[in-house]
Amino acid sequence: MVRAPNDQTIDQALEAAHLPALVAAMATITGDAGWLKPEWRPTYNPLERGEIGVTPAEQAKIKAAAHNVIADLTAGKLKPAVAPSPGLVRQLMGFVAGAEIPDSYDAFLGDELAIGGASTKDPNWSADEKAKAKSMKVLVIGAGMSGLLTGIRLSQAGVPFEIIEERADVGGTWLKNTYPGCRVDSSNHMYSYSFEPNHQWPNHFSPQPVLLDYFRGVADRYDLRKHIRFETSVIEAVFDEARSLWRVHLREKSGADRWVEVTAIITAVGQLNRPRLPDIKGRESFKGAAFHSAEWRHDVDLTGKKVAVIGTGASAFQFVPEIAGKVGHLTVFQRTPPWAFPTPHYHEQVPEGMKWLLETVPTYDKWYRFFLFWMATDGFLDGVRADPNWTGPTTAVSEANMQFREMIAFAIAAQIGEGSRDLLDKVIPQYPLGGKRALLDNGVWLQALQRNNVDLITDPIAEITETGIVTKDGVHHDVDVIIYGTGFYASRFLYPMSFVGRGGVTLEQKWDGDPRAYLGMTTPGFPNLFMIYGPNTNIVVNGSIIFFSECSVRYITGCLKLLADKDAATIECRQDVHDTFNIRVDDGNKLMAWGSPVVSSWYKNDKGRVTQNWPFALVDYWNATVEPNPDDFVIERGKVEAA
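Thresholds applied
Each residue is numbered by its place in its chain's sequence as written, counting from 1. At least 70 in pLDDT is required for a residue's local features to be given in this predicted model, at least 80 for side-chain atom pairs to be given and counted, and no such filter applies to totals for whole chains, interfaces and linings, which use all residues. Hydrogens and waters are ignored; side-chain quantities use all the structure's heavy atoms. Segments assigned H or I by DSSP are reported as helices when at least four residues long, segments assigned E as strands when at least two residues long, and all are numbered from the N terminus. Using C-alpha atoms as the atom set, the radius of gyration is obtained and then compared with a globule rule of 2.2 Å times the number of residues to the power 0.38. Any pair of residues with heavy atoms lying within 4.5 Å of one another is described as a contacting pair. In these tables, accessible area is a Shrake-Rupley quantity obtained with a 1.4 Å probe, and a residue counts as shielded only by the protein chains included in the view. Any two strands with at least two DSSP bridges between them are considered paired. The convention used is that axes are lines fitted to C-alpha atoms, helices contributing only their stretch in contact, and that angles between N-to-C directions extend from 0 to 180 degrees. Under the scheme applied here, a residue whose accessible area is under 20% of the maximum for its type counts as buried, over 50% as exposed, and between as partly exposed, the area being computed with a 1.4 Å probe on protein chains only. If an angle is under 35 degrees, it is roughly parallel; if it is over 145, roughly antiparallel; if it lies from 65 to 115, roughly perpendicular; otherwise it is oblique. Note on convention: near helix rotated counterclockwise from far helix by under a right angle means a left-handed crossing. Clockwise means right-handed. Residues are grouped as follows: Ala, Val, Leu, Ile, Met, Phe, Trp, Tyr, Cys and Pro are nonpolar; Asp, Glu, Lys and Arg are charged; every other residue, Gly included, is polar.

Trainee: Would you mind going over the overall build of the chain in detail, with residue names and values included?
Mentor: Of the regular secondary structure elements, the chain holds 19 helices and 21 strands. Taken over the C-alpha trace, the chain has a radius of gyration of 26 Å; the compact-globule value for 643 residues is 26 Å, and the two agree within 12%. Overall, the C-alpha framework of the chain stretches about 75 × 75 × 55 Å when taken along its three principal axes. Here the contacts in the chain between residues at least 6 apart in sequence split such that 72% fall between residues at least 24 apart. Put simply, the chain shows about 26,500 Å² of open surface, and 49% of that area lies on carbon and sulfur atoms.

Trainee: Can you tell me about the sheet that holds strand 5 (residues 245-252), naming the residues and giving the values?
Mentor: Spatially, the four strands line up as an open sheet ordered 6-5-4-18, and their pairing is mixed. Whereas interior strands pair on both sides, the edge strands pair on one side only; in this sheet they are strand 6 (257-262) and strand 18 (498-500). Each adjacent strand pair in this sheet contributes to an overall mean axis angle of 20°, direction not counted. Looking at chain direction, strand 5 and strand 6 are connected through six bridges and run antiparallel. For Arg251, the partnering residue across the bridge sits in strand 6 and is Asp257.

Trainee: Which residues make up the environment of Trp367, and what are the values?
Mentor: Summarising the element assignment, Trp367 is placed in helix 12 (residues 364-377). Residue Trp367 is classed as buried on the basis of its relative accessible area, which comes to 0%. As for Trp367 and Pro20, which are separated by 347 residues in sequence, their C-alpha atoms are 8.4 Å apart. Setting aside residues no more than four positions away along its own chain, Trp367 makes contact with Ala21, Ala24, Ala25, Thr28, Val89, Leu92, Met93, Val96, Leu113 and Ile115.

Trainee: An account of the sheet that holds strand 7 (residues 264-267) is requested, with residue identities and associated values reported.
Mentor: The strand order across the open sheet formed by five strands is 3-2-1-7-19, and the pairing between neighbours is parallel. Because the sheet does not close on itself, it has two edges, and the strands there are strand 3 (228-229) and strand 19 (529-531). Examined bridge by bridge, strand 7 and strand 19 share three bridges and lie parallel to one another. Within the sheet, the bridge partner assigned to Ile265 lies in strand 19 and is Leu529. Strands strand 1 (138-141), strand 2 (161-164), strand 3 and strand 7 of the sheet are contacted by helix 7 (residues 145-157), whose axis makes an angle of about 170° with strand 2.

Trainee: Could you give an account of the packing of helix 2 (residues 19-30) against helix 12, with specific residues and numbers?
Mentor: Helix-helix packing: each pair is described by the crossing angle between the helix axes and the interaxial distance. In contact at an axis separation of 8 Å, helix 2 and helix 12 are set at 140° when each is read in the N-to-C sense. Taken together, the axis directions place helix 2 and helix 12 in an arrangement best described as oblique. For the element pair helix 2 and helix 12, the recorded crossing hand is right-handed. Judged by residue contacts, Ala21, Leu22, Ala24, Ala25 and Thr28 of helix 2 engage Tyr364, Trp367 and Tyr368 from helix 12. Here the contact of helix 2 with helix 12 is composed, by residue class, of seven nonpolar, one polar and no charged.

Trainee: Go over the side chain of Lys355 with me, naming the residues and quoting the values.
Mentor: One can find Lys355 in helix 11 (residues 352-360). The contacts of Lys355, once residues within four sequence positions are left out, are His199, Gln200, Trp201, Pro202 and Val350.

Trainee: Residues and numbers for the pairing of strand 15 (residues 468-471), please.
Mentor: For strand 14 (residues 461-464) and strand 15, the ladder comprises three bridges, and the chain directions are antiparallel. Bridging across to strand 15, Ile461 finds its partner in Thr471. In textbook terms, the turn of a hairpin is the stretch between consecutive antiparallel strands, and for strand 14 and strand 15 this stretch comprises three residues. Relative to strand 16 (residues 476-478), strand 15 is paired through three bridges, and the arrangement is antiparallel. Each residue of the ladder has a partner; that of Gly468, found in strand 16, is Asp478. Hairpin geometry of strand 15 and strand 16 is characterised by an intervening segment of four residues between the two adjacent antiparallel strands and by a positive phi of about 90° at Gly474.

Trainee: Mind laying out the packing of helix 4 (residues 86-97) against helix 5 (residues 106-113), listing which residues take part and the relevant values?
Mentor: In contact at an axis separation of 11 Å, helix 4 and helix 5 are set at 90° when each is read in the N-to-C sense. Comparing their axes, helix 5 and helix 4 come out roughly perpendicular. Residues Val89, Arg90 and Met93 of helix 4 form the contact with helix 5, whose own contacting residues are Asp106, Leu109, Gly110 and Leu113. Class assignment for the residues of the contact of helix 4 with helix 5 results in four nonpolar, one polar and two charged.

So this is what it looks like as structure tokens:
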């Protein structure tokens, strides 16, 4: 029998509580809308995490009232109320949000909250559909976050599947990236599957080993490993038009080649999985250790060494502060500085009291996640939206963007000490905020750059020699080790795999260096081929990529359900539907900071088109992916041939 907590335990937990989420949980438990007092309604400051706009006296009242409910609940004196009515749920969502929620967001946010447990993302297949699904075989490529999610949903739908994973374990990016300081930059209570919360996250933004353990645990709980073929690569997939199936060429670690035949393919390989090394003269001539941050050489001891870091993107932003105190001297070569949002709690641990509330108080976890989700739903989207009539400087794309820029620039400047004022011009970006990936800043980046043993070099690199790096001003920087933080081949979707569709046309030929897909998932000419985290499904200043993956998997399983419903063999996106969608996306991206012609980034391909980003609100993607519209597809009937 579990002992009821004492008053001190409850009070300590309440000190760590997010109070608006706590109030919503209390109202849900008691069924009493009287908890939604106007004086307790929050008013948030997006850049001040702890500020809820409620006076200390009223906060004390909330805690005292909640203490009594929690004490009765844990003592067995109070039974939680039945599921709240839709009207009360809407009131509670507006209360936690601290804002009037548009009517058009009701279904979307209610589904994410899932206060009753059910969600549109749960496969809801009839016995007849499950029986028909047994004739299918689906090949999932990748056992990272999206691949595991796909496996879970296919299992629940009764669809036979196999996951191909080129590495020896699950985890995807959290298995591959092991550089010092590697961690997630979305809040962990939102960067987790909506149906698999973790109440014991040690940090608000957990480091790589913790995230890897989470995904390994999910794979074990859902018994997915028996479906995974590890250390195997997909070389080529060819669509057999006569038989309406895909023939897939696999290569095992031993070098042995195998062919499998499947009904459908779902790629879940991510966008940032192929490290990119810069095209710099003499790069191969360097005699010291050199490696990409995504392929970190843990056998290379950096202690006391002269180390060069090329690039100041997301990875360098994390690992530079970790190694700066260890190396003898660190030279950081920067082309453009990153924008970074003030996030003081970026490295902070989750208080034990918060973990206790999440685990113990019914629905508190859902309401806290809802708060995080709401704050990221539209996020700073309006602040990075371009004004077509903007006549101001090219460092901004609208008045709101300019104000946003000044606010963040002020926060950056405030971290520069008097002895490092020459650094200021180097760390304030001259491109619009939102033009490139924004990072999370708790101060350690600029602290590292202001160390006596660290230099930030902004002169362009001319060449790499056997012993160092020469900049265009003629200076030779002697180094022992070079670390490349130079990103990935983001626009080379699905590289190096080859997909051959109808008429022998490859996906590479179809795209011609300009990847496009309907809803980021399907491309005409390639029936029964689906992509997760495909073209134009990246998010910049709003949401979590897990949300996009969950929406995509819901949609893809819906497409497979259509095949079962209609006794069909193939489902293929119509060309006109695909083209109309992509015109809309392109028009949308042109009106965002990252689409500005003065900005170059990995969001754009070599043709200058934004191939990565979703330019609209999260609700738009949710609505578009609730279920597939059969009218968007050419569905060819005929019994699915057992693969």
